[in-house]
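Residue-level listing of the chains:
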Amino acid sequence: MGNRRFTKLLIPDTKIHLWIMTLFVGIIAYYNLLIGSIGIIVLIYFAYYNWKAQHNREEMWTKYIENLSSNIDSVTRYAVLDMPIPLVVIEFDGSISWYNAMFSEMLGTNDLLEKNIEDAIGGFKLNNILQDKEDMSIEVTIKDRHYKVLYNIVKVSRIDEKYMIMLYWIDVTNFQNLKVKYNEEKPVVVLVEVDNYDDVLKNTKEADRPLVIAEIDRRIGLWGSRINAAIQKYQKDKYILFIENQYLELLEAKKFTILDDIREIQVGNQIPITLSIGVGANGKNPAHLEEYARAAMDLALGRGGDQAVVKKIKQLNFYGGKTKAVEKRTKVKARVIAHALRQLIDQSKEVVIMGHKFPDMDSLGAALGVYRAVRNREKDAYIVLNDVNEAIKNLYDYIKEHEAYKFITNEELLNKINKDTLVVVVDTHRPGFTQCPKALEYAERIVLIDHHRRGAEFIDQAVLIYLEPYASSTCELVAEILQYMDDKISIEKIEAEALLAGITVDTKNFSFKTGVRTFEAASWLRRAGADTTNVRQLFQDDLNTFVAIAEVVKNAQVISNNIALSVCSKDIENPSLVAAQAADELLNIRGITASFVLGIRSNEEIIISARSLGDINVQVMLEKFGGGGHLTVAGAQIKGKKIEEVKVMLEKAIEEYFEEGEES
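- For the protein chain, an unreviewed UniProt entry supplies the name Cyclic-di-AMP phosphodiesterase and the organism Crassaminicella indica.
- Word for word, the UniProt comment on the protein chain under Sequence similarities (unreviewed entry) is "Belongs to the GdpP/PdeA phosphodiesterase family."

And the structure:
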């Protein structure tokens, strides 16, 4: 502030000079009147000259401002009237008050005054402007041209607070066309694998094998040519295709009909041929596309094959997967997994076995099997179990009578887990479905053993994964692993019966998803001491449960396509068990091909138990509710909904399933 005052004193000022001259002239006149008189005359002249010069400057500055304002007004009028882009001024009610020639030319008409902007331009919504506070632009399409509409709300009168809206129409058609062309021509990587290549050729006569191979190549090649794909066969049963994104949209619209085309091949092969397809799209570069395609292929294979999975960054779309998975497991893999698991157990200080929430016989039975494998390696083992529900109550009570197994809760697990702890997850591959999802964040080594068809949510950080959707149950997988863990395996009678119970419950008494390996595992467990009578007793229900199941079956409704749908009453004490067993019982009714039973838990969570004879994939339907399972057995849990709402949603999902089947 002081510097500014000092600087101001140094700047010449005519008034200061005149005052100084007046002072000196007064002093001179005091001593010499003649010379003082001459000084006064000169001083008066300078004062007049200064006034005259200042007056002339003010006049010149006023004229300059007036000319400048006139020029600005002229330029403004010219800019508005002859603006090179369409411009229209509208009232708040949408009526057009004024527009320039470019706007009239854009719409192809001159009669627009007082008309409503929404009537003049179809698809234009004034509310989009009045409600939008973040972006000062919207996009509108007129006669195949794309416009970005910039708008400005102007106050035209201070007295009556009148406002008007000015709309500027920027033609962005070329940009939009370029954007569409870019999206259409983006590269997409497609991986194709024949699921059962070796099994098909093995069951085909020698003379017909070249015909089968040639027909597979021909159909895949024809399919690739239709979508202008660059196709390369890099292994006997694997192909890679490079296509444009516009053809991916076509493939998704047609539900990947190549899956059906390959399945229809009949040139001497005894079993149907199926494909798994993994598609990677919307990647930043070719490396990302290949990564997405690999992840999609792993997902397709983990779900049983005969389907296509499209991965677009985080979005996953599933197509196909409505047929029974063809078993293609070998005992070599079981032996490799057993040896790898043995090494991991030996390298660990302790092992924690964890199943899924609301455990069933398969989950607890598999946990007991892994528990025995760990104890045989002389390591400490613990089973995570927070609650005992009706589905495992008989088995849990049976276990307590024989041996004191170590069960821990979530809180005890979190206090116990460390870098030397091995966590084995059985009968689920979804982190959120485990007994303690938080433990997976702290565990450094995780082993996953599961038989469910793989879903989008997965425990990716597992160091050892044994996911076999072709197996009947996790207990079957664990029984096979136990056979290869040691040369002389030792297994307790109760553990053999628990494993056999798990197989029995998931196969519905060996009637669903039962293969040769299932019977081999069951026979090994029988030789290990499992008593089938004791196993049967584990499934006995009390009278109230039996009556509740009968009531649910009685109240079932048969909807389209021979599907039974029923709802458990709210007063049932064990809805999960009743819903599951009622769904099983409904399939015993002649003509019923699939069943769905809804129940409600005490925490208001809605559960769905679904069963199928094999022609209908209930897993695909329940995946829409965040559930999963198998083609013939699936389940889901829904929170925050009323049971009536879920029933309507389920009926809609069933309807969509059959509509998609008809389209494909």
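Points about a negative patch on the surface
Here is step 1: A cluster of acidic residues, Glu390, Asp541, Asp542, Asp571 and Glu573, forms a negative patch at the surface.
Here is step 2: Take Glu573: it is sitting in the loop between strand S19 (563–567) and helix H23 (575–586).

Looking at helix H18 (residues 474–485)
An α-helix turns once every 3.6 residues. As a result, residues three or four positions apart point the same way.
Here is step 1: Over its 12 residues, H18 extends 16 Å from the first C-alpha to the last, a length consistent with the 16 Å expected when each residue adds 1.5 Å.
Here is step 2: Most of H18 sits out of view: 10 of its 12 residues are buried.
Here is step 3: Within H18, the full set of buried residues consists of Thr474, Cys475, Glu476, Leu477, Val478, Ala479, Glu480, Ile481, Leu482 and Met485.

Observations concerning a nonpolar patch on the surface
Here is step 1: A grouping of Ile28, Leu34, Ile35, Ile38, Val42, Tyr45, Phe46 and Tyr49 is seen on the molecular surface, where their side chains present a nonpolar patch of about 810 Å² in accessible area.
Here is step 2: It is helix H3 (residues 33–81) that contributes the most residues to the nonpolar patch, seven residues altogether.
Here is step 3: Along the polypeptide, Ile35 turns up in helix H3.
Here is step 4: Accessibility expressed as a relative area gives 48% for Ile35, which makes it partly exposed.

So, the packing of aromatic side chains
Here is step 1: Taken as a whole and assessed by the stated rule, the structure comprises nine aromatic pairs.
Here is step 2: Between the aromatic rings of Tyr371 and Tyr405, the centroid separation amounts to 5.0 Å while the plane-to-plane angle is 65°, which identifies the pairing as edge-to-face. On the criterion of sequence distance, the pair formed by Tyr371 in helix H14 (residues 361–376) and Tyr405 in the loop between helix H15 (393–402) and strand S14 (407–408) is long-range, its members being 34 residues apart. As far as burial versus exposure is concerned, Tyr371 and Tyr405 are alike and both buried.
Here is step 3: Counting every residue linked through ring pairs, the aromatic cluster contains Tyr99, Phe103, Phe124, Tyr147 and Trp169.

A closer look at the side chain of Ser595
Here is step 1: Looking at where Ser595 falls in the secondary structure, it is placed in strand S20 (residues 594–600).
Here is step 2: Only 2.7 Å separates the side chain of Ser595 from the backbone oxygen of Ala583, close enough to count as a polar contact.
Here is step 3: Once you skip the residues sitting within four places of it in the chain, Ser595 turns out to touch Ala564, Ala583, Leu586, Leu587, Ser609, Ala610 and Arg611.

A word on the UniProt feature "domain: DHHA1" (unreviewed entry) in the protein chain
Here is step 1: UniProt annotation of "domain: DHHA1" (unreviewed entry) refers to residues 575–655 when read in the numbering used here.
Here is step 2: Across residues 575–655, helical content stands at 38% and strand content at 27%; the span's end C-alpha atoms are separated by 26 Å.

Side note on the packing of helix H13 (residues 331–346) against H18
Here is step 1: The contact between H13 and H18 brings their axes to 8 Å, and the two run at 70°. Relative to H18, H13 is oriented roughly perpendicular. As H13 packs across H18, the resulting crossing turns out to be right-handed. Only Glu480, Ile481, Tyr484 and Met485 of H18 make contact with H13, whose side of the interface consists of Lys331, Ala334, Arg335, Ile337, Ala338, His339, Leu341, Arg342 and Ile345.
Here is step 2: Tallied by class, residues from the contact of H13 with H18 come to eight nonpolar, one polar and four charged.

Topic: the nonpolar core
In a soluble, globular protein the nonpolar side chains are often hidden away together inside.
Here is step 1: Counting residues in hydrophobic clusters, the biggest one holds 57 residues, and the most contacted among them are Ile353, Val424, Ile449 and Leu525.
Here is step 2: Here the element with the most residues in this core is H14; it accounts for nine residues.
Here is step 3: The residues contacting Ile449, other than those within four sequence positions of it, are Val370, Val424, Val425, Val426, Asp427, Tyr466, Thr474, Leu477, Val478 and Ile481.
Here is step 4: By size, the runner-up hydrophobic cluster in this structure holds 32 residues, among which are Ile227, Leu241, Leu248 and Ile258.

A look at the environment of Val426
Here is step 1: With respect to the element layout, Val426 can be found in strand S15 (residues 421–426).
Here is step 2: Considered as a pair, Val426 and Ile273 are 153 residues apart in the sequence and their alpha carbons are 31 Å apart.
Here is step 3: Once residues lying within four places of it in the same chain are set aside, the contact partners of Val426 are Ile353, Met354, Gly355, His356, Ser363, Ala366, Ala367, Val370, Ile449 and Thr474.

What about the sheet that holds S15?
Here is step 1: Strand order in this open sheet of six strands is S14-S13-S12-S15-S16-S17, and the pairing throughout is parallel. Looking at the sheet topology across the chains shown, the edges are occupied by S14 and strand S17 (464–467).
Here is step 2: As judged from the two bridges shared by strand S13 (residues 380–384) and S14, these two strands associate in the parallel manner. Residue pairing in the sheet places Ile383 in a bridge with Phe407 of S14.
Here is step 3: The strands touched by H14 within the sheet are strand S12 (350–354), S13, S14, S15 and strand S16 (445–450), with S13 carrying the most contacts at an inclination of about 170°.
Here is step 4: Packing against the sheet, H18 makes contact with S15, S16 and S17, and its axis sits at approximately 115° to S16.

A short note on helix H22 (residues 543–554)
Here is step 1: If you check H22, its first and last C-alpha atoms are 16 Å apart, about what 12 residues at 1.5 Å a residue would give, namely 16 Å.
Here is step 2: Taken together, the buried positions of H22 are Thr545, Ala548, Ile549 and Val552. Viewed end-on, H22 has its buried residues packed into an arc of 100°, placing them on one side of the element. What points out from H22, more than 90 degrees from its buried face, is the exposed set Leu543, Phe546 and Lys554.
Here is step 3: Tucked into the core, H22 has its buried residues touching S19, H23 and S20.

Looking at the sheet that holds strand S22 (residues 628–629)
Here is step 1: Strand order in this open sheet of six strands is S18-S19-S20-S21-S23-S22, and the pairing throughout is mixed. Each edge of the open sheet is held by one strand with a lone partner, namely strand S18 (557–559) and S22.
Here is step 2: H23 rests against S19, S20 and strand S21 (606–612) of the sheet, and its axis sits at about 25° to S21.

Notes on the pairing of S12
Here is step 1: Taking burial as the measure, the five residues of S12 include five buried ones, the bulk of the element.
Here is step 2: Alternating residues of S12 divide into Glu350, Val352 and Met354 and Val351 and Ile353, and every residue in both groups is buried.
Here is step 3: Two strands pair when backbone bridges link them, and S12 and S13 are joined in this way by five bridges, in the parallel orientation. Directly across from Met354, in S13, lies its bridge partner Val384.
Here is step 4: Pairing geometry for S12 and S15, over five bridges, is parallel. Along S15, the bridge assignment pairs Met354 with Val425.

Observations regarding the pattern of salt bridges
Here is step 1: Scanning all chains against the criterion turns up 25 salt bridges.
Here is step 2: Across the pair Lys312 and Glu252 runs a salt bridge, and its minimum N-O distance is 3.0 Å. Of this pair, Lys312 sits in strand S10 (residues 307–312) while Glu252 sits in helix H10 (residues 245–253), and the two are 60 residues apart along the sequence. When sorted by exposure, Lys312 lands in the same class as Glu252, which is buried.
Here is step 3: We note a salt bridge from Arg430 to Glu457, for which the minimum N-O separation is 3.5 Å. Note that Arg430 is positioned in the loop between S15 and helix H17 (437–442) and Glu457 in the loop between S16 and S17, a separation of 27 residues in sequence.
Here is step 4: Given a relative accessible area of 17%, Arg430 falls into the buried group.

Conventions and cut-offs
- Residues numbered from 1 in each chain as written.
- Predicted model: local features only at pLDDT ≥ 70, side-chain atom pairs only at ≥ 80, totals over all residues.
- Heavy atoms only, no water.
- UniProt positions renumbered as here; feature names shortened; annotations may be inferred.
- Patch = residues over 30% accessible without salt bridge, like charges linked within 9 Å, V, L, I, M, F, W, Y side chains within 5 Å.
- Areas by Shrake-Rupley, 256 points an atom, 1.4 Å probe, with all protein chains shown as cover.
- Salt bridge = Lys/Arg side-chain N within 4 Å of Asp/Glu carboxyl O.
- Lys, Arg positive; Asp, Glu negative; His and termini not counted.
- Charge placed at Lys NZ, Arg CZ, Asp CG, Glu CD.
- Helix = DSSP H or I, 4+ residues; strand = E, 2+ residues; numbered from the N terminus.
- Expected span 1.5 Å × (residues − 1).
- Buried < 20%, exposed > 50% of the residue type's maximum accessible area, 1.4 Å probe, protein only.
- Phe/Tyr/Trp six-rings, centres within 6.5 Å; stacked < 30°, edge-to-face > 60°.
- Polar contact = N/O pair within 3.5 Å; in protein donor to acceptor, adjacent residues only side chain to side chain.
- Contact = heavy atoms within 4.5 Å.
- Axes fitted to C-alpha atoms, helices over the stretch in contact; angles between N-to-C directions.
- Parallel < 35°, antiparallel > 145°, perpendicular 65-115°, else oblique.
- Left-handed = near helix turned anticlockwise from the far one by under 90°.
- Nonpolar A, V, L, I, M, F, W, Y, C, P; charged D, E, K, R; others polar.
- Core = buried A, V, L, I, M, F, W, Y, C linked by side-chain atoms within 4.5 Å.
- Pairing = 2+ DSSP bridges.
- Arc of directions from axis to C-beta.

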